[in-house]
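Close look at the chain arrangement
Chain by chain, the residues run as shown.
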Amino acid sequence: MTEPTALLPKGFDELAPFIAEWGSLETQDERYIRRQSLSMERLQAYYDAVQPRLGAIFDHLDSFPYGPALPEPEALLFRVVLAMSEVAQAVEVYGQPTVPHAPANHSVTIRVPNRA
Amino acid sequence: MNKELSDWNKYWGHAWKPVPDVERIDAADYTSPEVFEREKDRIFRKAWLMVARQSEVAEPGDFIKIEAPTLDTEVVIVRGKDGVIRSFYNACPHRGVALVRQCEGRTGLFTCPYHAWSFSTDGKLKGLPGAEDFPHVDKSTTGLTPIHTGVWNDYIFINFAETPKQTLAEYMGEFGEYFDDMPFGEYTRAVEIIQDLPTNWKNFNDAFNEGYHVQVLHPKSLPMVPTRINPLNHMYDPIYLAPHSSATIQSNTDWVPTGKVMLFVYASTGVSFIHVDGPEEQAAKPRLFTTARGINRIGLPNYSTSTMNFFPLSQFQILADRYMWLRYWPLSPDKTRFIVRMYFGAPPRSHLEEFAEAFQLASTRDVFTEDVSMTRLQQQGMKSGGVKEVVLGENEHMIRFTTQMIRDYMNAED
Ligand code: FES
Ligand SMILES: [Fe+2]
């Protein structure tokens, strides 16, 4: 693994411990599967670190134009913070990583159709 | 309050019928291969099926290839040069090749990859290489085999019958008139979930047509629905305009979100489960569904959602500022392709909006996961032979109604 703190934008170094778990995931389904695989302690640790920073994170990210050209440190920060869309369901809604009654390692592909 | 209530009373006068007398359903109706074959013939080859949106073939020459997996059929839907939307079996009249290979595109001519017979967007045979060897083929009467096609509001319907018993306008009837001002087409951002699931298609219709389970199955994910005065979440204002139906669902205004991320999403994007009319609504945004005359006709102050069932395989769940289109295509007695399309007013325009959308998608998927899990377990129980029939309460009247529609189709004279 590369030295992770170097990759996040300045001021967001304290999120480096979550890069290994979330920083390379690209899709909602990958994040959903990762959420199910982590312990509640790990999810809570992420939540406690990221939730108070949400405003600052999006202020920073949205100081860049929205689109694919985000510089790599910001793109990494965005991937890390998108994990919150899943982690919040575990922490705020269910109090457990999985959806009750769901099959183990549940996977659901979410896509944007070309035509709609 | 409601617009033109008196006008709509003409429908209201007979739209609400007493609870249909369907107290029990044979478990075999959900598991039997014979019943399934009959459903294919009597329902899915006879009824109009809602399959696409007009915007998917917006311009002349635009086409999409869709699956009607219940009937093992691919369908090409294309807007002709004349602007008319037509549908065809994806099958070449020469030697049968499923000639259209792209899922969507724009063209003036469909050319078969085998021997290059080609067809214009109205299905007519245009090119026949080596025509001298086909003196017995009349070019003017040869072409792609059409499927009856109609448009209601922004939606495209097809009908596999050789001669449908009703036009689409007749099929939609008063239900179609009642909801004809719904602004579906203004919602342009779609996100889709497709799953093949081991359960009968009717379990999906049933899952999304009663509120009875909400408090039990979704206590953590949908605390914003059941209220103190309606804890069993009886659906309001059921409308039965055969074979379609609709109902209205409340929201729990006592519920106060406490999740900090949920509050962040709500506060920073204005997205919320409970719609609040406000002056900030701009012309650029799509028209709210709550402005349509068929939505919340009864003026429920804590309105949240309308359901609309388009017999036999589609349902809309309409919120004020977005909607979901559900389809349940039967694949076998115990397999169903479940497609959910969520339509939003616009694609995300910032990182924050993309995050908010991801948050909503995750929570919506989780709620559906709870529903889907029960449909799976239902199938398991029904297949076990341990129950010969299932029983429906009066609060499950929407299921009773659609079950009656299914029975009517299954038993109809030809
Ligand atoms: S099968 Fe299509 S041209 Fe021969
Ligand atoms: Fe449900």
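Residues numbered from 1 in each chain as written. Chains lettered and ligands numbered in written order. Predicted model: local features only at pLDDT ≥ 70, side-chain atom pairs only at ≥ 80, totals over all residues. Heavy atoms only, no water.

Concerning the confidence of the model for chain B
All names here are of chain B. The cut-off we apply is this: Confidence of the predictor at the level of single residues is captured by pLDDT, which takes values from 0 to 100. In this description, contact between two residues means that some pair of their heavy atoms is separated by no more than 4.5 Å.
Confidence along chain B averages 92 in pLDDT terms, with 92% of residues attaining 70 or more. Ignoring residues within four places in sequence, the model shows residues 274-283, a span with pLDDT below 50, making eleven contacts including any to other chains. Predicted as a complex, the structure gets a pTM of 0.93 and an ipTM equal to 0.96.

Concerning the interface of chain A and chain B
Defined as follows: Once two parts are brought into contact, the accessible area they lose, counted with a 1.4 Å probe and summed over both, makes up the buried area. We count a salt bridge whenever a side-chain nitrogen from Lys or Arg sits within 4 Å of a carboxyl oxygen from Asp or Glu.
Between chain A and chain B, the residue contacts involve 41 residues of the former and 46 residues of the latter. When the two sides are added together, the surface that chain A and chain B hide from each other amounts to roughly 3600 Å², 61% of it contributed by carbon and sulfur. Looking at the side of chain A facing chain B, the largest losses of area belong to Tyr66, Arg115 and Ala116 of chain A, adding up to 22% of the total buried there. Counting across the chain A and chain B interface gives four salt bridges.

As for the coordination of the iron ion (ligand 2)
All names here are of chain B. For clarity, the threshold we go by: For Na, K and Ca the donor cutoff is 3.2 Å, while for all other metals N, O and S atoms count as donors only within 2.8 Å; water does not appear among the atoms, so some sites may look incomplete. Secondary structure follows DSSP: runs of H or I at least 4 residues long count as helices, runs of E at least 2 residues long count as strands, and numbering of each begins at the N terminus. A simple rule labels every residue: compare its accessible area, found with a 1.4 Å probe on the protein chains alone, to the largest value its type can have, and call it buried under 20%, exposed over 50%, or partly exposed in between.
Bound to the iron ion (ligand 2) are the protein donor atoms His213 (NE2), His218 (NE2) and Asp371 (OD), situated 1.9 to 2.1 Å from the metal. One chain supplies every donor to the iron ion (ligand 2), and in sequence these donors are spaced H-x4-H-x152-D. Taken together, the residues His218 in the loop between α5 (214-217) and β13 (236-241) and Asp371 in helix α7 (residues 351-383) connect sequence positions 153 residues apart. Neither His218 nor Asp371 differs from the other in exposure class; each is buried.

With respect to the sheet that holds strand β8 (residues 118-120) of chain B
Residues and elements named next belong to chain B. Cut-off, in case you're wondering: By definition, two strands form a pair when at least two bridges between them are found by DSSP. Note on method: axes are straight lines fitted to C-alpha atoms, helices fitted across the in-contact stretch only, with angles between N-to-C directions ranging 0 to 180 degrees.
If you trace the three strands from one edge of the open sheet to the other, you get β7-β8-β9, paired in antiparallel fashion. Edge positions in the sheet fall to β7 (109-111) and β9 (125-127), since each of these pairs with one other strand and no more. Between one strand axis and the next, the sheet turns by 35° as a mean value, whatever way the strands run.

A few points about unusual backbone geometry
Pro243 of chain B follows Ala242 of chain B through a cis peptide bond whose omega is 0°. Tracing the backbone shows Pro243 of chain B in the loop between β13 and β14 (244-250). For the peptide bond that leads from Phe311 of chain B to Pro312 of chain B, omega is 0°, which places it in the cis range. With respect to the helices, strands and loops of the structure, Pro312 of chain B is situated in the loop between β15 (303-310) and β16 (314-318). The phi dihedral of His101 of chain A falls on the positive side, at around 75°, and the residue is not glycine. Position of His101 of chain A among the secondary structure elements: in the loop between α6 (84-94) and β1 (110-111).

Let's talk about the packing of aromatic side chains
Counted only if it meets this: Note on ring pairs: Phe, Tyr and Trp rings are taken, using the six-membered ring of Trp, and paired if centres are within 6.5 Å. Classes follow the plane angle, with under 30 degrees stacked, over 60 edge-to-face and the rest tilted. Two thresholds decide whether a charge sits over a ring: the Lys NZ or Arg CZ must be within 6 Å of the ring centre and within 35 degrees of the ring normal.
What the rule picks out here adds up to 34 aromatic pairs over all chains. Judged by centre distance (5.8 Å) and plane angle (50°), the rings of Trp22 of chain A and Tyr46 of chain A are tilted. Residue Trp22 of chain A is found in helix α1 (residues 19-22), and its partner Tyr46 of chain A is found in helix α3 (residues 40-50); the two are separated by 24 residues along the sequence. With respect to class, Trp22 of chain A is no different from Tyr46 of chain A; both count as buried. Ring centres of Phe316 of chain B and Tyr323 of chain B lie 5.3 Å apart, and the angle between their planes is 75°; this geometry places the pair in the edge-to-face category. Relative accessible area serves as the criterion here: at 0%, Phe316 of chain B is assigned to the buried category. Assessed through its relative accessible area of 0%, Tyr323 of chain B is described here as buried. One Lys or Arg, Arg327 of chain B, reaches over the ring of Trp325 of chain B and ends 3.7 Å from the middle of that ring. Sitting above the plane of the Tyr32 of chain A ring, Arg365 of chain B keeps its charged end 3.6 Å from the centroid.

Examining the sheet that holds strand β12 (residues 189-197) of chain B
Taken in spatial order, the eight strands of this open sheet run β1(A)-β12(B)-β18(B)-β17(B)-β16(B)-β15(B)-β14(B)-β13(B), and their pairing is antiparallel. Bordering the open sheet on either side are β1 of chain A together with β13 of chain B, each of which pairs with just one other strand. The pairing of β13 of chain B with β14 of chain B spans four bridges and is classified as antiparallel. Its bridge partner being in β14 of chain B, Tyr236 of chain B is matched across the sheet by Thr248 of chain B.

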